[in-house]
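Letter by letter, the chains look like this.
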Amino acid sequence: MSQKVIAVSSAFQKMTTQAILSIVFFLIVYVLLIVLGISITILAAYAGFQIIIVKPALITFMIGAGLLSMGILILIFLFKFLFSKKEVDRSHLVEITENEEPKLFKLIHEIVQEVDTQFPKKVYLSSEVNACVFYDSSFWSMFLPVKKNLQIGMGLVNSVSDIEFKAILAHEFGHFSQRSMKVGSYVYNVNQIIFNMLYENDSYNTLIKSWGGVNAYFTFFVSLAVKIVEGIQWVLKQVYEVVNTNYLKMSREMEFHADEVAANVTGSSPLITSLLRLDLASHSYNAVLDYYTTKVPDAIVTDNLYPQQQFVMNFLAQKSKLPIDNNLPLVNIDHLSRYNKSKLKLNNQLSTHPSTEDRVAQLNHLNIVKEGKPILPARNLFSDSYQLEAKFTDKLFGMVNYETTVVKKDKESFVEDFTKNYHSNSFAEVFNGYYDNKQPVSFEDNDEEINDLASDIRYQDLFDDKKVDLVYTAFALENDKNTLLQIEKKEIVVKRFDYDGEQFLASESGEIVNKLEQELTKIKEEIVINDQKIFSFFLDVAKSRGKKEEFRKLYTSFTNIDKDFDNKFDTYVKMINNTAFLYETTPFEVIEKNLAALKVIEKEFKIQIQDVLANDNYADALSPEMQDNFSKYAAEDLVYFIGQEYHDSKLEILFKAIHDYNDVLSKSFFKAKKEFLDFKSTLVA
């Protein structure tokens, strides 16, 4: 039974109309540019021919040929996209066939029939947590039928149930299932054409250099061609802004449409649950990869990293108090938005995908319910999923050059190591994430006032979800306020912005800032009251256990290193800002000016490094290699630029000093904070 035709939304129709108009706008501008290019070429050829006729000589022939080459180069630029082809890299993919995976292909056949689209040309597997439909695109893709390929990530298969997997594939095929979606392909290709002309010019630049190197006459006329091409590119950039903005808006609506297609196949729920889990699945997959990256010097690998991905996913879910069903975490919308409370969206920051929150809201609004079936792991759709996982694991580790014979670590060893590292690099669970991005605050100067708060306080109330939300709401308000201030000062240029679901003009940003400041002041007052209660509670408990002096000593120690960290980190930021020019191509006189400014900042930086070397608070984070490089850097007056060249060995000392300085600060600060919070946690154990 084929999928019913799903009516497109009025928003999608509006975006489609705007996208079509932007294509027409591009075509008009492009035709005018072609007419201009052809006219320049004809005039240049005619002028060159006349010069040769008037006075036949080598010099006039070279001038004539130069004029003609100028016109030809302009035309090549205008038409080069016709011969450009964007091929998808398949080196990381493994193709599978129906004979190898009959159950998977049966499912794909079912989806294709229900969605009413074409069966993919080929089906590939990859290692990642994703699924997509892709094809090699070119200008001719707009006019010739192109069959799409399906890519399925084993990290995704490892993270979803079979019905969720079906929903995800139905979404991908939903992009190509109905005629109303065809305009998306046209807008995409127009977008790619302009992008090619603006940014994909390596081969064209090579042609320019070789052509301009023929002789001095050609160099002059090639330079003229470059100037004209730069003018054409300026015009195209304005067009690209219009086409790309409309493409992004329409792409967002296409995602909603494809979600509706998928919901009609499986119901709303499977796509919702998979969408909510995918961030956690990706984070867990990357956490395993990061772990083995740190083990490269020791040549430690594993047979199959996917069971480890699933362990991390469920481990982190349990730490976040998320339920687990059928060995898969059930992530809720509140957990997804716990750490991102921002309500600000800028119109120039559109992405091709709407937020997960918006997609879930739309799917809940559709509320399509399908008859339930037994839920099984998606890996059951494969003949031997473990063998495939092992194959991709070998493929990933095969990309690394190990200096010694590899040692394989089993899942049990990984679990033990990962769990230990997690607890070493996180704060006690009793704080519920309250201090993850916030520092403990001391109120020891207000003893009498604080002591009055000590009665009838439960530590669970001090760190409940409501108190944690206050902290992250304050962060969001602060960031949103700063962004709006930049809009007000025109440091960020937008016509409109969206705040809390309402549209505002850029000129109204000041009014919103005032509202945010009032809200921020109120929330900060609530946080201060809670911090006072926290200090009072733990001071009272410390007194009752005879640990008051230890408590105050640790609080004072942490407060001191906190203040020192802010001062030292400010110097680090100055060094980063004042060395940014070293990564850019800069005129010699500008380099000398920037180096003079850097030397001034370096004096402060070297004083801070000497303090780090002498301060016991940083001793544990300092390796012998770091100490050696710091001493070398602080003792010498390094010269980074000699004649017309950078002194790479001296720059290496500088960059390593900056990197190690930040590393030592971060590790030492975290260690002091963790020691203090661990002590506090023992008071309520």
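Residues numbered from 1 in each chain as written. Predicted model: local features only at pLDDT ≥ 70, side-chain atom pairs only at ≥ 80, totals over all residues. Heavy atoms only, no water.

A.B. asks: I tried to follow the overall build of the protein on my own but got confused; where do I start?
C.D. replies: From N to C terminus, the protein includes 22 helices and 15 strands. Referenced to the eigenvectors of the C-alpha coordinate spread, the extents of the protein come out at roughly 105 × 75 × 65 Å. The burial tally for the protein puts 46% of its 685 residues in the buried class. Considering only contacts in the protein between residues 6 or more positions apart, those separated by 24 or more positions represent 82%. Entry remark: accessible area of the protein is about 35,900 Å², with carbon and sulfur atoms responsible for 55%. (Helix = DSSP H or I, 4+ residues; strand = E, 2+ residues; numbered from the N terminus. Buried < 20%, exposed > 50% of the residue type's maximum accessible area, 1.4 Å probe, protein only. Contact = heavy atoms within 4.5 Å. Areas by Shrake-Rupley, 256 points an atom, 1.4 Å probe, with all protein chains shown as cover.)

A.B. asks: What exactly am I supposed to notice about the sheet that holds strand 13 (residues 502-505) here?
C.D. replies: Strand pairs in the sheet, formed through backbone hydrogen bonds, run parallel or antiparallel to each other. Pairing is antiparallel across the open sheet formed by three strands, whose spatial order is 10-12-13. For this open sheet the edge positions go to strand 10 (344-346) and strand 13, each flanked by a neighbour on one side alone. The mean inter-strand angle of the sheet, taken between neighbouring strand axes irrespective of direction, is 30 degrees. (Pairing = 2+ DSSP bridges. Axes fitted to C-alpha atoms, helices over the stretch in contact; angles between N-to-C directions.)

A.B. asks: Explanation requested: the layout of surface pockets in the structure shown.
C.D. replies: Any empty space left between atoms is shown by rolling a water-sized probe over those atoms. Empty space within the second largest pocket amounts to approximately 1,300 Å³. For the second largest pocket, the lining is made up of 41 residues, of which Lys 319, Ser 320, His 335, Arg 338 and Tyr 339 are closest to its centre. Going through the elements one at a time, helix 9 (268-294), helix 10 (306-319), helix 11 (333-336), helix 14 (411-424), helix 17 (465-488) and helix 22 (648-682) are the ones with two or more residues in the lining of the second largest pocket. Broken down by element, the lining of the second largest pocket gets its largest block of residues, six residues, from helix 9. (1 Å grid on protein atoms, 1.4 Å probe; cavity = no way out; pocket = protein on both sides within 12 Å on 5 of 7 lines; lining within 4 Å. Points joined across faces, edges and corners; volume = space filled by probe spheres on them.)

A.B. asks: What should I look at first to understand the sheet that holds strand 2 (residues 94-96) in this one?
C.D. replies: Spatially, four strands are ordered 2-3-6-4 in an open sheet, and the strand pairing comes out mixed. Every other strand in the sheet has two partners, leaving strand 2 and strand 4 (131-134) as the edge strands with one partner each. Between one strand and the next, the sheet's axes are offset by a mean angle of 30 degrees, whatever the strand orientation. When strand 3 (residues 123-126) meets strand 6 (residues 149-153), the two strands line up parallel, connected through four bridges. If you follow Tyr 124 over to strand 6, its bridge partner there is Gln 151. Here helix 5 (residues 162-174) sits on the sheet in contact with strand 4 and strand 6, set at roughly 25 degrees to strand 4.

A.B. asks: In this structure, what is going on with the pattern of salt bridges? I would like to understand it.
C.D. replies: One side chain can pair with another of opposite charge once the charged atoms of both are near each other. Applying the stated rule across the entire model yields 29 salt bridges. Among the ionic pairs, Lys 166 bridges to Glu 110, the shortest N-O distance being 3.9 Å. A residue pair is termed long-range when its members are at least 10 positions apart, and Lys 166 in helix 5 and Glu 110 in helix 3 (residues 102-115) qualify at 56 residues. The partly exposed category is assigned to Glu 110, whose relative accessible area is 32%. Across the salt bridge formed by Lys 408 and Asp 303, the nearest N and O atoms sit 2.8 Å from each other. With a gap of 105 residues between them, Lys 408 in strand 11 (residues 407-408) and Asp 303 in the loop between strand 7 (300-301) and helix 10 connect regions that are remote in the sequence. Judged by its relative accessible area of 41%, Asp 303 is partly exposed. (Salt bridge = Lys/Arg side-chain N within 4 Å of Asp/Glu carboxyl O.)

A.B. asks: Hey, could you run me through the packing of aromatic side chains in this one?
C.D. replies: Geometry of an aromatic ring pair is reported as the spacing of the ring centres plus the angle between the planes. A complete count under the given rule lists 42 aromatic pairs for this structure. Judged by centre distance (6.4 Å) and plane angle (50 degrees), the ring pair of Phe 463 and Phe 538 falls under tilted. You can see Phe 463 sitting in the loop between helix 16 (459-462) and helix 17 and its partner Phe 538 sitting in helix 18 (residues 509-544), a full 75 residues away along the chain. For Phe 463, a relative accessible area of 3% corresponds to the buried category. Seen in terms of ring centroids, Tyr 472 and Phe 475 are 5.7 Å apart; in terms of plane orientation they differ by 85 degrees. Their pairing is edge-to-face. Separated by three residues within a single helix, Tyr 472 and Phe 475 lie in helix 17, roughly one turn from each other. Among the residues examined, Tyr 472 registers a relative accessible area of 5% and is labelled buried. The partly exposed category is assigned to Phe 475, whose relative accessible area is 31%. An aromatic cluster is defined as three or more aromatic residues linked by ring pairs; in this entry it consists of Phe 535, Phe 551, Tyr 555, Phe 558, Phe 565, Phe 569, Tyr 572, Phe 669 and Phe 676. Seen from the ring of Tyr 633, Lys 606 lies directly overhead, with NZ or CZ sitting 5.1 Å from the centre. The ring of Phe 538 has Lys 680 sitting right over it, with the charged end atom 4.6 Å from the ring centre. (Phe/Tyr/Trp six-rings, centres within 6.5 Å; stacked < 30°, edge-to-face > 60°. Lys NZ or Arg CZ within 6 Å of the ring centre and 35° of its normal.)

A.B. asks: Mind showing me how you'd approach helix 12 (residues 356-366) here?
C.D. replies: For an α-helix, the turn length of 3.6 residues means that residues three or four places apart are oriented alike. Buried residues of helix 12: Arg 359, Val 360 and Leu 363, and no others. Seen from one end, helix 12 has its buried residues packed into an arc of 100 degrees, which puts them on one side. Count one or two residues on from helix 12 and you reach Asn 367, which has phi positive near 50 degrees. (Arc of directions from axis to C-beta.)

A.B. asks: When you look at the confidence of the model for the protein in this model, what are you seeing that I'm missing?
C.D. replies: Segments scoring low in pLDDT should not have their predicted coordinates read at a detailed level. With 91% of its residues at a pLDDT of 70 or more, the protein shows a mean pLDDT of 87. Averaged pLDDT values over the elements of the protein bottom out at 55 in helix 15 (residues 447-451) and peak at 97 in helix 4 (residues 154-157). (pLDDT = per-residue confidence, 0-100.)

A.B. asks: Teacher, can you tell me more about the pairing of strand 3 here?
C.D. replies: Along any regular strand the residues' side chains alternate between the sheet's two faces. Burial along strand 3 is two-sided: Val 123 and Leu 125 and Tyr 124 and Ser 126, pointing in opposite directions, are all buried. In this structure, strand 2 lies alongside strand 3, joined through three bridges in antiparallel fashion. Bridge pairing in strand 3 links Glu 95 to Tyr 124.

A.B. asks: In this structure, what is going on with the side chain of His 175? I would like to understand it.
C.D. replies: Looking at the element boundaries, His 175 is found in the loop between helix 5 and helix 6 (182-199). For His 175, a relative accessible area of 12% translates into the label buried.

A.B. asks: Is there a simple way to explain the packing of helix 19 (residues 548-579) against helix 22 in this structure?
C.D. replies: When two helices pack together, their arrangement is given by the angle between the helix axes and by the axis-to-axis distance. In contact at an axis separation of 10 Å, helix 19 and helix 22 are set at 160 degrees when each is read in the N-to-C sense. Relative to helix 22, the element helix 19 lies roughly antiparallel. In this structure, helix 19 crosses over helix 22, and the sense of that crossing is left-handed. Along the lines of polarity and charge, the residues of the contact of helix 19 with helix 22 split into 18 nonpolar, five polar and five charged. (Parallel < 35°, antiparallel > 145°, perpendicular 65-115°, else oblique. Left-handed = near helix turned anticlockwise from the far one by under 90°. Nonpolar A, V, L, I, M, F, W, Y, C, P; charged D, E, K, R; others polar.)

A.B. asks: Where do I start with the nonpolar core in this structure?
C.D. replies: Side chains of a nonpolar character, in soluble globular proteins, are inclined to be buried together. Counting 77 residues, the largest nonpolar core has Phe 497, Phe 538, Phe 551, Tyr 633 and Leu 654 as its most contacted members. Contributions of two or more residues to this core are made by strand 10, helix 17, strand 12 (496-499), helix 18, helix 19, helix 20 (588-614), helix 21 (624-635) and helix 22. Leave out the neighbours within four places in its chain, and Tyr 633 touches Met 575, Glu 602, Phe 605, Lys 606, Ile 609, Leu 638, Tyr 640, Ile 653, Leu 654 and Ala 657. Counting 68 residues, the second-largest nonpolar core is a separate cluster that includes Leu 271, Leu 328, Ile 368 and Phe 382. (Core = buried A, V, L, I, M, F, W, Y, C linked by side-chain atoms within 4.5 Å.)

A.B. asks: Just to check I follow, could you spell out a nonpolar patch on the surface for this structure?
C.D. replies: Judged by side-chain polarity, Ile 20, Val 24, Ile 28 and Leu 32 come together as a nonpolar surface patch covering roughly 360 Å² of accessible area. Here Ile 28 is to be found in helix 1 (residues 10-54). (Patch = residues over 30% accessible without salt bridge, like charges linked within 9 Å, V, L, I, M, F, W, Y side chains within 5 Å.)

A.B. asks: Please explain the environment of Glu 517 as it appears in this structure.
C.D. replies: Here Glu 517 shows up in helix 18. Taking relative accessible area as the criterion, Glu 517 reaches 33% and is therefore assigned partly exposed. With 442 residues separating them in the primary sequence, Glu 517 and Leu 75 have C-alpha atoms 56 Å apart.

A.B. asks: How do you make sense of unusual backbone geometry when you look at a structure like this?
C.D. replies: It is generally the case that most residues other than glycine have a negative phi and that most peptide bonds are trans. Phi angles above zero are rare outside glycine, and Asp 116 is one such case at about 65 degrees. By the secondary structure assignment, Asp 116 is in the loop between helix 3 and strand 3. You can call Asp 116 partly exposed: its relative accessible area is 46%. Here Asn 432, not a glycine, exhibits a phi torsion of approximately 55 degrees, which is positive. In this fold, Asn 432 is placed in the loop between helix 14 and helix 15.

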